[in-house]
There are 2 protein chains.
Amino acid sequence: MAAHVSSKTSESSDKVSVICRALRRAIIEQALEPGAKLPEDALGERFGVSRTIARHALGQLAAEGLVELRRNRIAVVATPSWQEARDAFDIRIELERLVVRQLAGKLTKAQIAELNAHVDAEDRARGGTDAVSIRLATEFHILLAHMTNSPILVRYVSEVAYRCCLTLSLYSRPHSTECAINEHRAIIAALAKGDAAKVMELMHHHLDSVANRALVAPTPQRGRDLLDILAPYADEVTSNRVIKLPKLARRS
Amino acid sequence: MAAHVSSKTSESSDKVSVICRALRRAIIEQALEPGAKLPEDALGERFGVSRTIARHALGQLAAEGLVELRRNRIAVVATPSWQEARDAFDIRIELERLVVRQLAGKLTKAQIAELNAHVDAEDRARGGTDAVSIRLATEFHILLAHMTNSPILVRYVSEVAYRCCLTLSLYSRPHSTECAINEHRAIIAALAKGDAAKVMELMHHHLDSVANRALVAPTPQRGRDLLDILAPYADEVTSNRVIKLPKLARRS
DNA sequence: AGCGCTTCAATTGCATGCAGTTTGGCTCTC
DNA sequence: GAGAGCCAAACTGCATGCAATTGAAGCGCT
């Protein structure tokens with residue numbers, strides 16, 4: 001379902017694009033968690049292509065910010081910092097305000113029907129896993145972007161939405177999707193009515209609240225990761241056996 | 001000069017990145033015009049690397065929208081439509097408003113000095129070629145983005161600015177940079193003063209006027225290219241010999 | 001001459017191979 | 001038993017080679 005949401009920007013049917021799409025989906029559905037390793041060999045074998053192609057696909061995804069590529073090291077699914085997550089949402093808000101501004105009052109009946117159908121699908125998926133809900137919610141926004149007929153806007157909204165998706169899997173708590181679905185419906189209604197200012201405000205509030213629900217308090221770990229996180233625990237074991245830090249730290 | 005404006009997002013020092021930077025620069029300085037062919041062999045030979053690497057670089061630039069990659073065909077420098085150019089500027093306006101919003105009143109003296117130095121460089125370059133002026137003007141904006149310390153924002157602003165650069169070379173008339181330089185100075189001043197609303201307004205107006213100066217009338221060719229452009233002429237030759245369409249159409 | 005067909009050089013799509021780097025275990029020592 | 005150092009396996013960086021596709025010149029036909 002919702003196959004029409006696939007990015008068509010220079011993504012035809014060559015093997016690289018296929019792998020990109022597969023990995024992208026695996027990432028945003030959290031089948032691949034942030035930090036998961038992505039060895040070129042393994043990808044190549046899994047998708048039945050050579051390492052060259054897998055490598056190229058990783059390059060593309062790195063350009064989108066979904067994977068991190070360190071020289072001579074295994075590529076990993078990106079692990080955005082909290083601040084980066086917040087920045088991504090800020091950018092997303094502006095981009096999507098632009099989307100709805102362009103769309104307000106300009107949607108055909110068919111398009112509105114399509115949007116409603118999508119939200120219905122979201123509704124139906126409420127019983128399923130969080131991963132699917134998050135993906136559908138994201139695809140709603142990408143569907144909106146597509147309706148602007150602006151390839152550039154589609155590209156940026158898609159990318160930043162995927163990124164946000166990724167951060168949700170990192171920083172989100174159990175998640176409640178219901179209100180988000182209602183907000184989607186409200187946005188559709190305002191778009192149909194053609195009230196640009198209103199729908200921009202709705203979109204802003206919608207994304208802002210998603211961000212605030214998801215990105216819980218900065219958890220003063222403005223330093224990097226793990227070492228800071230473990231700092232408080234370290235106190236409790238000073239006299240006991242010390243946790244093998246190098247082993248753990250390597251994971252990141 | 002202005003080497004610090006180089007995008008550092010997963011671009012360290014591997015050969016692919018080097019080639020990307022070189023091509024990017026060649027494109028925005030119009031050494032490579034839109035539509036110019038970029039055969040993998042030629043690039044590889046020119047930069048002393050294998051075709052694999054050249055290919056990978058082209059993939060990256062395609063992801064940035066600077067080159068177009070058609071299956072089994074030679075890659076070419078992107079030729080954005082007029083509408084895409086306008087869309088790019090619209091997106092850019094929003095992104096850069098975000099940049100100056102974050103920056104207003106938060107710049108160190110050193111940063112302000114750096115900005116002023118850059119504008120001075122722009123001033124000095126006024127006698128030179130348009131290409132250099134345009135590049136410097138673009139790099140001013142990228143420099144601003146860097147100061148937000150938000151890698152994502154840097155990436156998007158850079159990309160969209162490069163794209164706009166590209167469109168300037170397509171649709172711009174001879175160009176007068178002087179007012180742009182003054183506007184840059186005004187923006188710095190407002191940033192230093194810390195008036196967020198004012199500087200956002202300035203940036204908006206600045207980019208909007210650049211876009212309007214550059215993107216001259218839509219030249220009613222909202223359809224695709226050539227075939228539509230030639231449509232009106234076709235009427236006049238219905239009874240005469242027909243223009244050799246395939247020959248001309250192939251050029252694009 | 002103008003038009004279509006055939007053929008060949010140019011070019012891409014992709015896999016494989018080799019060299020250099022990193023990783024993680026293993027041993028050897030204290 | 002803990003820690004430093006070494007070594008093999010794993011992995012990446014890159015070049016090269018081969019098959020497939022494309023573009024355009026050459027050729028014959030009307």
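Residues numbered from 1 in each chain as written. Chains lettered and ligands numbered in written order. Predicted model: local features only at pLDDT ≥ 70, side-chain atom pairs only at ≥ 80, totals over all residues. Heavy atoms only, no water.

1. Observations regarding the protein's contact with DNA strand D
Inference 1: In the region of DNA strand D, 19 residues are neighbours, and Arg51(A), Arg55(A), Ser50(B), Thr52(B) and Arg73(B) sit closest.
Inference 2: The contact atoms of DNA strand D, taken as those within 4 Å of the protein, divide so that sugar and phosphate hold 69%.
Inference 3: Residue Ser50(B) places a side-chain N or O atom 2.8 Å away from a phosphate oxygen belonging to DNA strand D.
Inference 4: Within the side chain of Asn72(B), a nitrogen or oxygen atom sits 3.3 Å from a sugar or linking oxygen of DNA strand D.
Inference 5: Elements represented by at least two residues in the surface near DNA strand D include exactly helix 2 (40-47) and helix 3 (51-64) of chain A together with helix 3 (51-64) of chain B.
Inference 6: The dominant element in the surface near DNA strand D, judged by the number of residues it contributes, is helix 3 of chain B, at three residues. (Near = heavy atom within 4 Å. Polar contact = N/O pair within 3.5 Å; in protein donor to acceptor, adjacent residues only side chain to side chain. Helix = DSSP H or I, 4+ residues; strand = E, 2+ residues; numbered from the N terminus.)

2. Examining the confidence of the model for chain A
Residue and element names in this part refer to chain A.
Inference 1: The predicted model of chain A has a mean per-residue pLDDT of 83, with 78% of residues at 70 or higher.
Inference 2: Element-level mean pLDDT values for chain A span from 36 in helix 11 (residues 245-250) up to 97 in helix 3.
Inference 3: Considering only residues more than four positions removed or in separate chains, one finds that residues 1-10, a stretch of pLDDT under 50, has 16 contacts.
Inference 4: Note that pLDDT drops below 50 for residues 235-252; the model gives that stretch 10 contacts with residues more than four away or on any other chain. (pLDDT = per-residue confidence, 0-100. Contact = heavy atoms within 4.5 Å.)

3. Observations regarding the packing of helix 4 (residues 82-103) of chain A against helix 7 (residues 151-171) of chain A
Residues and elements named next belong to chain A.
Inference 1: Close contact between helix 4 and helix 7 brings their axes to 9 Å; oriented N to C, the two are set at 140 degrees. One element, helix 4, and the other, helix 7, form an angle in the oblique class. The hand of the helix 4/helix 7 crossing is left-handed. Touching Trp-82, Ala-85, Ala-88, Phe-89, Ile-91, Arg-92, Leu-95, Glu-96, Leu-98, Val-99 and Gln-102 of helix 4 are Leu-153, Tyr-156, Val-157, Val-160, Ala-161, Cys-164, Thr-167, Leu-168 and Tyr-171, all from helix 7.
Inference 2: Its residues placed into classes, the contact of helix 4 with helix 7 shows 16 nonpolar, two polar and two charged. (Axes fitted to C-alpha atoms, helices over the stretch in contact; angles between N-to-C directions. Parallel < 35°, antiparallel > 145°, perpendicular 65-115°, else oblique. Left-handed = near helix turned anticlockwise from the far one by under 90°. Nonpolar A, V, L, I, M, F, W, Y, C, P; charged D, E, K, R; others polar.)

4. Brief notes about the interface of chain B and chain A
Inference 1: On the side of chain A, 30 residues touch chain B, which itself brings 30 residues to the contact.
Inference 2: Buried surface at the junction of chain B and chain A, summed over both partners, amounts to about 2800 Å²; 56% is from carbon and sulfur atoms.
Inference 3: Connecting chain B to chain A are four salt bridges.
Inference 4: Inspection of the region where chain B meets chain A yields 11 residue pairs in polar contact (both at pLDDT 80 or more).
Inference 5: Mapped by element, the contributors of at least two residues to the side of chain B that touches chain A are helix 3, helix 4 (82-103) and helix 7 (151-171) of chain B. (Buried area = accessible area lost by both parts, 1.4 Å probe. Salt bridge = Lys/Arg side-chain N within 4 Å of Asp/Glu carboxyl O.)

5. Remarks on the packing of aromatic side chains
Inference 1: Using the criterion set out here, one finds one aromatic pair over all chains in the structure.
Inference 2: Judged by centre distance (5.2 Å) and plane angle (75 degrees), the ring pair of Tyr156(A) and Tyr156(B) falls under edge-to-face. Placement of the pair is Tyr156(A) in helix 7 and Tyr156(B) in helix 7, with the two residues belonging to separate chains. Tyr156(B) matches Tyr156(A) in its accessibility class, with the two residues each being buried. (Phe/Tyr/Trp six-rings, centres within 6.5 Å; stacked < 30°, edge-to-face > 60°. Buried < 20%, exposed > 50% of the residue type's maximum accessible area, 1.4 Å probe, protein only.)

6. Here's the deal with the environment of Leu170(B)
Residues and elements named next belong to chain B.
Inference 1: Mapped onto the elements of the fold, Leu-170 is located in helix 7.
Inference 2: In this structure Leu-170 comes out as partly exposed when scored by relative accessible area, which is 32%.
Inference 3: With sequence-adjacent residues up to four places away left out, Leu-170 is seen in contact with Pro-34, Thr-79 and Pro-80.

7. A few points about the environment of Ala180(A)
Residues and elements named next belong to chain A.
Inference 1: Following the sequence through the fold, Ala-180 ends up in helix 8 (residues 178-193).
Inference 2: As a C-alpha pair, Ala-180 and Leu-207 span 27 residues in sequence and 9.0 Å in three-dimensional space.
Inference 3: The contacts of Ala-180, once residues within four sequence positions are left out, are His-206 and Arg-213.

8. Points about the relation of the copies chain B and chain A
Inference 1: Each copy of the sequence occupies a distinct position, and chain B is placed on chain A by a rotation of 180 degrees and an axial shift of 0.0 Å, giving an RMSD of 0.0 Å. Considering both components of the superposition, the chain copies are consistent with a two-fold axis. (Least-squares fit on C-alpha atoms with pLDDT ≥ 70 in both.)

9. Focus on the sheet that holds strand 3 (residues 75-77) of chain B
Inference 1: Read from one edge to the other, the open sheet built from three strands follows the order 1-3-2 (chain B), with strand pairing classed as antiparallel. Unpaired on one side and paired on the other, strand 1 (37-38) and strand 2 (67-68) of chain B mark the two borders of the sheet. (Pairing = 2+ DSSP bridges.)

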